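Here's the letter readout for the chains.
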Amino acid sequence: MADGSSETKSSNQMWGGRFASGPDAIMEEINASIDFDKKLYAQDIRGSIAHATMLAHQDIISAEDKDKIVHGLDTILSEIESGAFEFSRRLEDIHMNVEARLAALIGPAAGRLHTARSRNDQVALDFRLWVKEELQKTEKALTALIAAFLDRAEEHADTVMPGFTHLQTAQPVTFGHHCMAYVEMFGRDRSRVRHAIEHMDESPIGAAALAGTGFPIDRHMTAKALGFREPTRNSIDTVSDRDFALEFLSIAAIAATHLSRLAEEIVIWSTPQFGFIRLSDAFSTGSSIMPQKKNPDAAELVRAKTGRINGSLIALLTVMKGLPLAYSKDMQEDKEQVFDAAESLELAIAAMTGMVRDMTVRADRMKAAAGSGYATATDLADWLVREVGLPFRDAHHVTGRAVALAEQKGCDLAELSLAELQAINPAITDKVFDVLTVEASVASRTSFGGTAPAEVQKQIAWWRARN
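Since this is a predicted model, take the numbers as computed values, not measurements. (Residues numbered from 1 in each chain as written. Predicted model: local features only at pLDDT ≥ 70, side-chain atom pairs only at ≥ 80, totals over all residues. Heavy atoms only, no water.)

Overview of the overall build of the protein chain
Inclusion rule: A run of DSSP states H or I qualifies as a helix once it reaches four residues; a run of E qualifies as a strand once it reaches two. Both are numbered from the N-terminal end. Note that the radius of gyration is over C-alpha atoms, with the globule rule given as 2.2 Å times the number of residues to the power 0.38. Per-residue accessibility, obtained with a 1.4 Å probe over protein chains only, is compared with the maximum for each type, and a residue is labelled buried under 20%, exposed over 50%, and partly exposed between these values. Method for areas: the Shrake-Rupley scheme with a 1.4 Å probe, in which residue coverage is limited to the protein chains shown. Under this rule, positive means Lys or Arg and negative means Asp or Glu; His and the chain ends count for nothing. Just so you know, the charge point we use is NZ for Lys, CZ for Arg, CG for Asp and CD for Glu.
From N to C terminus, the protein chain includes 19 helices and 6 strands. In terms of overall size, the protein chain is more extended than a compact globule, its C-alpha atoms giving a radius of gyration of 31 Å where 467 residues would be expected to give roughly 23 Å. Along the three orthogonal principal directions, the C-alpha set of the protein chain runs to about 105 × 60 × 40 Å. Out of the 467 residues in the protein chain, the part that is buried amounts to 46%. Of the roughly 22,600 Å² of accessible surface on the protein chain, a fraction of 53% belongs to carbon and sulfur atoms. In the protein chain, which carries 50 positive and 65 negative side-chain charges, the distance between the mean positions of the two groups comes to 2 Å.

In structure tokens form, the structure reads like this:
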């Protein structure tokens, strides 16, 4: 007796206080997924109703049993949504929790529900339905964000600001044109979402464990009932495929990267040093010690969410990279990553949409900055090519000398005298001053997709017709 007690005590110490009952507790802890996959309850019940309906239609189960199953599942759905349902970790996952409760409600008929299916194709169905619905929500959220940018772009189609490369002033652009750059980015994100929905629009149910089933099921019937285009075509791939989750995470990571770039610009633009925008109080916080501070916390948190989303993508890629066909328990690690990334992306898009709509654009500060850093130097070089006939490389050299002179005198290019410019190149005329203002610079960029206000308006109209 003493030896046994000592052994038990030693074992419990080894496992640690959390696992007081030893190895069984550890196995329950690592194996159970109900803590997170209960999020799939609606999809699980929806899939089971479609499966039971198909089984009855194919005379695999009786109509009476089907009616009992459907009624029981509807009851369980109501219990979960009202908060009355008690989830059990002992039953491992959402599928077994629902099945156990169904048995308690309707008796032996519940056991017929699992005919011609496995938890492998069941979880593939539930997860695929959830991801598809999340992609549809993401599409709507991106559409709202694009609409916010279109409104700001239209409002500021001729508001001049500096365009940057290397975060150095490069050429004047309009704020509307800058906004439209993000419309293009988020438009591509939305296009990727739509393609992902198309890729994954296949129903897994009926693949069973990995080999299909000998029962005369109708997979096209369940696919249609669940809103899928068609059933999947290979049972092995069906239960082992998580491309749809990886594609969602890839899209989320790219979209989050775009959001993060925008967030970084908002952080920079809202500093006193730039002062291009002023964020509303709804998306800013103060400092606990410095009363003058107004911090762009919402933008900073959007920027940080990108790290979480990227991490989720890498985590699932790593889980999947070494798995032989078909199903392995490793795949249980897919859902938490997707759930977390979806929540982060949804919040980040909503926050950014709010910031874009609420921020105050300080056009005066933008215009003042647009003329700094000799932003119209390229316009001078282009004028020399167009009006004087210089090769561009020679025009570039002449312009460089003009910039050097302006720097030496501490003035802008437009403030140099005609005589000073003609001392650099005698062919320069007073017509050159028509292109040395920031307004003239942006107005001249009329190439397709350029920053000229008229061209920006064309692009806004094109997007409005498609948004």
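Some remarks on the layout of surface pockets
Convention followed: Only protein atoms enter the 1 Å grid, on which a cavity is a set of points fitting a 1.4 Å probe that cannot get out and a pocket is an open set with protein on both sides within 12 Å along at least 5 of 7 lines, lining residues being those with an atom within 4 Å of a point. Grid points are joined across faces, edges and corners, and a volume is the space filled by probe spheres set on the points.
A volume near 400 Å³ is recorded for the largest pocket. H177, H178, A181, Y182 and M185 are the residues nearest the centre of the largest pocket, which is lined by 14 residues in total. For the lining of the largest pocket, the secondary structure elements donating two or more residues are helix 8 (175-199), helix 11 (243-269) and helix 19 (453-464).

Re the packing of aromatic side chains
The cut-off we apply is this: Only Phe, Tyr and Trp rings are paired, with Trp represented by its six-membered ring, and only when their centres lie within 6.5 Å; those with planes under 30 degrees apart are stacked, over 60 edge-to-face, the remainder tilted.
With the rule as written, the count across this model stands at 11 aromatic pairs. Each ring, one from F149 and one from Y182, has its centre 5.5 Å from the other, and the planes form 15°; the classification is stacked. Remark: Y182 occurs in helix 8 and F149 occurs in helix 7 (residues 119-155); sequence separation between them is 33 residues. As far as the burial class goes, F149 and Y182 line up, both buried. For the pair W462 and W463, a centre-to-centre distance of 5.3 Å together with 80° between the ring planes defines the contact as edge-to-face.

Looking at the pairing of strand 1 (residues 160-165)
Keep this limit in mind: Note on pairing: DSSP must find at least two bridges between two strands before they are called paired.
Bridging between strand 1 and strand 2 (residues 168-174) involves 6 bridges; their strand directions are antiparallel. Directly across from M161, in strand 2, lies its bridge partner V173. Here strand 1 folds back onto strand 2 in antiparallel fashion, the turn holding 2 residues, of which H166 has a positive phi close to 60°.

Examining the side chain of Q122
Note the following rule: We define a polar contact as two N or O atoms separated by no more than 3.5 Å, with the added condition that, inside protein, one atom must be a possible hydrogen donor and the other a possible acceptor, whereas residues neighbouring each other in sequence contribute only through side-chain atom pairs. Contacts are assigned to residue pairs that have any heavy atoms within 4.5 Å of one another.
Relative to the helices and strands, Q122 resides in helix 7. By relative accessible area, which is 3% here, Q122 ends up buried. Among the polar contacts made by the side chain of Q122, one reaches the side chain of D44 at a distance of 3.0 Å. Once residues lying within four places of it in the same chain are set aside, the contact partners of Q122 are D44, S48, H95, H114, R117 and I205.

Examining helix 11
Our working rule: Each helix should span, by expectation, one fewer than its residue count multiplied by 1.5 Å.
Taking 1.5 Å per residue, 27 residues should reach 39 Å; helix 11 reaches 39 Å between its end C-alpha atoms and fits that length. Within helix 11, 19 of the 27 residues are buried, which leaves the element mostly enclosed by the surrounding structure.

Overview of the nonpolar core
Our working rule: By nonpolar core is meant a set of buried Ala, Val, Leu, Ile, Met, Phe, Trp, Tyr and Cys residues that side-chain atoms within 4.5 Å join together.
In terms of nonpolar packing, the biggest core is built from 73 residues, with M352 and M355 touching the most fellow members. Elements with a contribution of two residues or more to this core: helix 7, helix 8, helix 11, helix 12 (297-320), helix 13 (334-358), helix 14 (363-370) and helix 19. Per element, the largest residue contribution to this core is 17 residues, and it comes from helix 11. In contact with M355, other than residues within four places in its own chain, are I266, L279, F283, A298, A299 and V302.

Focus: the environment of V267
Note that V267 resides in helix 11. Sequence separation of V267 and K431 is 164 residues, and the distance between their C-alpha atoms is 40 Å. With near-sequence residues (within four places) excluded, V267 lies in contact with P296, A299, E300 and R303.

Comments concerning the packing of helix 4 (residues 41-57) against helix 5 (residues 63-82)
Worth spelling out the cut-off: For every element, the axis is a line fit to its C-alpha atoms; helices are fit only across the contacting stretch, and the angle between N-to-C directions ranges from 0 to 180 degrees. Angle categories: roughly parallel below 35 degrees, roughly antiparallel above 145, roughly perpendicular from 65 to 115, and oblique for all the rest. Each residue receives one of three labels: charged for Asp, Glu, Lys and Arg, nonpolar for Ala, Val, Leu, Ile, Met, Phe, Trp, Tyr, Cys and Pro, and polar for the others, Gly being one of them.
Their axes nearest at 9 Å, the elements helix 4 and helix 5 cross at an angle of 170°. By the angle class used here, helix 4 and helix 5 are roughly antiparallel. On helix 5, the residues touching Y41, A42, I45, S48, I49, A52, T53 and A56 of helix 4 are A63, K66, I69, V70, L73, D74, I76, L77, I80 and E81. Classifying every residue of the contact of helix 4 with helix 5 by side-chain character gives 13 nonpolar, 2 polar and 3 charged.

Overview of the environment of H71
Structurally, H71 can be placed in helix 5. For H71, a relative accessible area of 56% translates into the label exposed. Considered as a pair, H71 and L105 are 34 residues apart in the sequence and their alpha carbons are 9.5 Å apart.

What about unusual backbone geometry?
Phi is mostly negative for residues that are not glycine, and the peptide bonds are mostly trans. Put simply, L325 and A326 share a cis peptide bond, and its omega is 15°. Although it is not a glycine, H166 sits at a positive phi angle of roughly 60°. Along the chain, the position of H166 falls in the loop between strand 1 and strand 2.

Some remarks on the environment of G389
Tracing the sequence through the fold places G389 in the loop between helix 15 (377-388) and helix 16 (392-409). With relative accessibility at 55%, the residue G389 sits in the exposed group. Sequence separation between G389 and A427 is 38 residues; the distance between their C-alpha atoms is 9.7 Å.

Side note on helix 12
The terminal C-alpha atoms of helix 12 lie 35 Å apart, and with 24 residues this matches the ideal 34 Å at 1.5 Å per residue to within 8%. For helix 12, the full list of buried residues reads A298, A299, V302, T306, I309, S312, L313, L316 and M320. In the core, the buried residues of helix 12 are packed alongside helix 10 (235-240), helix 11 and helix 13.

Regarding the pattern of salt bridges
For clarity, the cut-off: In what follows, salt bridge is the name for a side-chain nitrogen of Lys or Arg lying within 4 Å of a carboxyl oxygen of Asp or Glu.
Within the structure shown, the criterion is met by 31 salt bridges. Between R119 and D93 there is a salt bridge, with the nearest N and O atoms lying 2.7 Å from each other. Note that R119 is positioned in helix 7 and D93 in the loop between helix 5 and helix 6 (94-106), a separation of 26 residues in sequence. A salt bridge links E455 to K458; its shortest N-O distance comes to 3.9 Å. Here E455 and its partner K458 are both found in helix 19, 3 residues apart, which amounts to about one turn of the helix. For K458, a relative accessible area of 55% gives the class exposed.

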